[in-house]
Amino acid sequence: MQFAKDSFYMTLLQRLVALNPQRTVTLNGTTRPAIIVAENELVVPIVPLADAFYIEWGAVEAVARQTGRRMILAMECVISYHTFGTVESGVDRGRTLASLDMELLSICQPFWTPKQDYSQAPSVDLGTRIWWTAPSLGKVSGSEAARNEGLPRGSEGVRLERSANLKVFFFPEEDLQ
Amino acid sequence: MSTSPLRAAMVPVTRRIRGYFAPIDRVSGTPTLFDPGKYGIFSLDEPPAPWIDLGWIDNFQRFCGTATEPVRAGVRGAPQAQFRGALDVRLEFDFREWGKLQMALAGGSEHMNVLASDINANPQPSGGTPIFAAAVLPGSTASEIVLGVGAVDGFSAGDIVAVDADYQQQTGYVGSGIAAAYVSDPADVNRDVNYIRRVTFNLGRVAQKTVTSLVLAQPLLGGAPLSQAGVQKVIAFVDREGGTFFQEWSALFVAEDEAGGRVCFHYPRLSPTTTLQASVPLNQVSAGSSKVFQREEEVEIAKPIMAVALHAAFQAMPHIDENDGQTVVCYRSYFPAAAAALY
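Scoring rules and cut-offs
Residues numbered from 1 in each chain as written. Chains lettered and ligands numbered in written order. Predicted model: local features only at pLDDT ≥ 70, side-chain atom pairs only at ≥ 80, totals over all residues. Heavy atoms only, no water. Helix = DSSP H or I, 4+ residues; strand = E, 2+ residues; numbered from the N terminus. Contact = heavy atoms within 4.5 Å. Areas by Shrake-Rupley, 256 points an atom, 1.4 Å probe, with all protein chains shown as cover. Buried < 20%, exposed > 50% of the residue type's maximum accessible area, 1.4 Å probe, protein only. Buried area = accessible area lost by both parts, 1.4 Å probe. Core = buried A, V, L, I, M, F, W, Y, C linked by side-chain atoms within 4.5 Å. Pairing = 2+ DSSP bridges. Salt bridge = Lys/Arg side-chain N within 4 Å of Asp/Glu carboxyl O. Phe/Tyr/Trp six-rings, centres within 6.5 Å; stacked < 30°, edge-to-face > 60°. Lys NZ or Arg CZ within 6 Å of the ring centre and 35° of its normal. Patch = residues over 30% accessible without salt bridge, like charges linked within 9 Å, V, L, I, M, F, W, Y side chains within 5 Å. pLDDT = per-residue confidence, 0-100.

**Brief notes about the overall build of chain B**
Looking only at helices and strands, chain B has three helices and 21 strands in total. Taken along the three principal axes of its C-alpha coordinates, chain B extends 80 × 50 × 45 Å. Long-range contacts, defined here as pairs at least 24 residues apart, represent 69% of the contacts in chain B between residues at least 6 apart. For chain B, the accessible surface area stands at approximately 17,800 Å², while carbon and sulfur atoms represent 53% of it.

**Remarks on the overall build of chain A**
Across its full length, chain A carries two helices and ten strands. In sequence order, the secondary structure elements of chain A are arranged as α-β-β-β-β-β-α-β-β-β-β-β. Buried positions account for 41% of the 177 residues belonging to chain A. Counting only contacts in chain A whose residues sit at least 6 apart along the sequence, the fraction spanning at least 24 positions is 58%. Of the accessible surface of chain A, which amounts to about 9,600 Å², a share of 54% is contributed by carbon and sulfur atoms.

**Overview of the interface of chain B and chain A**
Contacts between the two partners involve 18 residues from chain B and, on the opposite side, 14 residues from chain A. Carbon and sulfur atoms supply 48% of the area buried between chain B and chain A, which totals about 1,200 Å² over both sides. Of all residues in chain B, Glu-97, Ile-301 and Ile-305 of chain B give up the largest surface area on contact with chain A, accounting jointly for 35% of the area buried on that side. Every element with two or more residues in the side of chain B that touches chain A is listed here: strand 2 (52-64), strand 17 (296-302) and strand 18 (305-316) of chain B.

**A few points about the nonpolar core**
General note: in soluble globular proteins, nonpolar side chains tend to be found buried as a group. Counting 42 residues, the largest nonpolar core has Phe-21, Phe-93, Phe-95, Phe-253, Tyr-267 and Leu-270 of chain B as its most contacted members. The greatest single-element share of this core, amounting to five residues, is contributed by helix 2 (residues 100-107) of chain B. The next biggest cluster of nonpolar side chains, apart from the first, holds 28 residues, and it includes Leu-12, Leu-13, Leu-16 and Trp-132 of chain A.

**Considering the pairing of strand 4 (residues 78-84) of chain B**
All names here are of chain B. Where strand 3 (residues 68-73) meets strand 4, six bridges bridge the pair, whose relative direction is antiparallel. When the sheet's bridge partners are listed, Val-71 is paired in strand 4 with Ala-81. Here strand 3 hands over to strand 4 after four residues, with Gly-74 in that stretch at a positive phi of 85°.

**Quick notes on the pattern of salt bridges**
Residues and elements named next belong to chain B. Inspection of the entire model under this criterion finds 19 salt bridges over all chains. Glu-241 is the partner of Arg-295 in a salt bridge, and the nearest nitrogen-oxygen pair spans 2.5 Å. Of this pair, Arg-295 sits in the loop between strand 16 (262-272) and strand 17 while Glu-241 sits in the loop between strand 14 (229-239) and strand 15 (249-255), and the two are 54 residues apart along the sequence. Of the charged contacts, one joins Glu-248 and Arg-269 as a salt bridge, the two residues approaching to 2.6 Å between their closest N and O atoms. Here the residue Glu-248 occupies a position in the loop between strand 14 and strand 15, and Arg-269 occupies one in strand 16, the gap between them amounting to 21 residues. Under the relative-accessibility criterion, Glu-248 is labelled buried at 12%.

**Side note on the environment of Thr-275 of chain B**
Residues and elements named next belong to chain B. With respect to the secondary-structure elements, Thr-275 resides in the loop between strand 16 and strand 17. Note on Thr-275: relative accessible area 54%, which makes it exposed. Separated by 182 residues in the primary sequence, Thr-275 and Phe-93 place their C-alpha atoms 14 Å from one another.

**Observations regarding the packing of aromatic side chains**
Residues and elements named next belong to chain B. By the definition in use, this model includes 22 aromatic pairs over all chains. Between Phe-60 and Phe-253, the ring centres sit 4.9 Å apart and the planes meet at 45°, which makes this aromatic pair tilted. With a gap of 193 residues between them, Phe-60 in strand 2 and Phe-253 in strand 15 connect regions that are remote in the sequence. On the basis of relative accessible area, Phe-60 is assigned to the buried category, the value being 18%. Residue classification places Phe-253 among the buried residues on the basis of a relative accessible area of 0%. Taking 5.2 Å as the distance between ring centres and 65° as the angle between the ring planes, the aromatic pair formed by Phe-93 and Phe-253 counts as edge-to-face. Taken together, the residues Phe-93 in strand 5 (residues 89-95) and Phe-253 in strand 15 connect sequence positions 160 residues apart. Phe-253 matches Phe-93 in its accessibility class, with the two residues each being buried. Joined through ring pairs, the aromatic side chains of Phe-21, Phe-60, Phe-93, Phe-95, Phe-253, Phe-265, Tyr-267 and Phe-314 make up one cluster. Taking NZ or CZ as reference, Arg-16 lies 3.8 Å from the ring centre of Trp-56, over its face.

**Looking at a nonpolar patch on the surface**
Residues and elements named next belong to chain B. Residues Val-27, Tyr-173 and Tyr-182 make up a contiguous nonpolar surface patch of about 320 Å² in total accessible area. Structurally, Tyr-182 is set in strand 11 (residues 181-183). Relative accessible area serves as the criterion here: at 43%, Tyr-182 is assigned to the partly exposed category.

**Quick look at the side chain of His-111 of chain B**
Residue and element names in this part refer to chain B. Relative to the elements of secondary structure, His-111 occurs in strand 6 (residues 111-115). With a relative accessible area of 1%, His-111 lands in the buried category. Those residues in contact with His-111 that lie beyond four places of it in its chain are Lys-100, Met-103, Ala-104, Arg-198, Val-199, Phe-237, Val-238, Asp-239 and Gln-247.

**Observations regarding the confidence of the model for chain B**
When pLDDT is averaged along chain B, the result is 91; 94% of the residues meet or exceed 70. For this predicted complex, the interface confidence score (ipTM) comes to 0.70, while the overall pTM stands at 0.83.

As C-alpha cells, then:
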C-alpha cells in the first residue's frame, strides 16, 4: 500500500515541477515543490501553508467483483489547498484558487502511473500501475470573514480553500506467479 | 418459507470459482484426467501437474441441453422408461485475468505470439517478418534458457520470449508439448521457419540474465526446450476472429471451499464455442438484438473505470469412462466437509 501512496505522490510532484516550477513552499527550512503528504511530515502543530497541495489518505476497501489473485484496492484521497491571493488586498484570491484548481487537474492526468518502490534509490518498477478517478473538486469555502456578515460560502473572506476527492486503485503488490 | 434448520456442514459455501486447464494430446486424443481420489483437496495455489492455474473466474454457468425422453406405452401412453437424448453440455464464464492461455481459450482458434519485427518488415496484423531467432544451447531447462555469451545481449529482463523449434515443413499438430496449431500444408504457413514460435505456448518472461542464459519467471509449459529450438522476443498476443483450428483442453473448476465442503467440476475435453445455448437467460443478451456472443465483459471498478474480462464458452466433448465404458462429458465431484453427515 505504501508503494501506491508513494507512487501517487511522486508522480504528482514530478508533474507539478514540470508544469509550474515556481509552485514551491518553504517547509522546515527547505524549499520544495508545493505538494505535501501530511502524514510524512513532522508531527508538530502547524498551520497548513497557503498555495500548496496537501495530500491526505482515507479509507481503503477491496473493490467488489475484482478478486483475482490479488484484489484491487481502492483508497480514498483528499487533496486540499487554500490561498490568500498574491497581493495584500487579496483581490486576486479567486484567480489564484482557479490556478491551483487547474494545476491540480493537469497534474492528475493521465490518471495512472507505474507503481514504484521509492524506498530505494534508484526506485524500482514493481510491474503494475496504479490508477485513479478524476478529482472531484469540492465547494469553495472561505474563512476569516467577519461573522454574521458573510456570503453563504464565505468567499468574501481573505482565505479561499477547496478540497478535491479522488480514489486511487492498485494491486497490493506485484504478482508474476 | 421453510424454517427447517440446514445442517451447516452439508452446505457448500463459496464466493468464487477457480479455473485450471491442462493440455490434451491432440494426436491420440488423450485428455488430462483429474482423479479426485489421487489428488484430493489440493491447495488451490498449487494444482497437481500438469494442471495450469488460470485464476479466478466469474459468471461461471453450466448448461445442460441433454434431454431425457420417455418411452410411452399402453392405452394411456404412460411413461414406461426413459432414455437420454443427444449429449449437449456447455459452460460459459469470464476469465478475469488475461494471459496467453486465457486468450487462446476464449478466442478458440490459433493464438498468435507477435514476434518482434525486423524494422524493414512489411506490417502484418499478427506480426511481420521477425528478428532472427537465437539458438538454444544444450543445458537449457524449462526455467533457464542457455544462449551463450553475446547471444543473451539481444534480450533484457522483462522481455517475453517464445522458445520452440524451427518449423521444418512438417504437417500435423505443431508446438512442443502442447498442440498450438495444425498445419495441413507447409505452403499455408509460407514455410516460415518461425511459424511454431508464432503460435507456441512455450513462453516465458525473462526475470534475470546471466552471462550466458535467460532465467525465466515461470517455467515453460512444454518443459525443457528441444535441441535446435530458437528463442524470439514476443511483443504482444493476438487472437483472430476466424481460423480453422479449435483449441481443445481438459478443464477443472473448483468452488473455493469456505465452509469445508469442496465442489469440483471436471471436463476431460472442452472445445471453445460461440454458439449460444437456448437456455441463456434473456438478461444476458444484448439489448435490442438477437442473441449474440459477446467476446468481452466489462466489470465496473468505479465509473467510468472498467475491468475487461475475457468471455469464454465451451462445448463439452465426450470421454469414455474406463470404469464402466460410459460416454460422459463432465464430472461433478464433492469432498464433504470434515464430520459432515453423508445424507
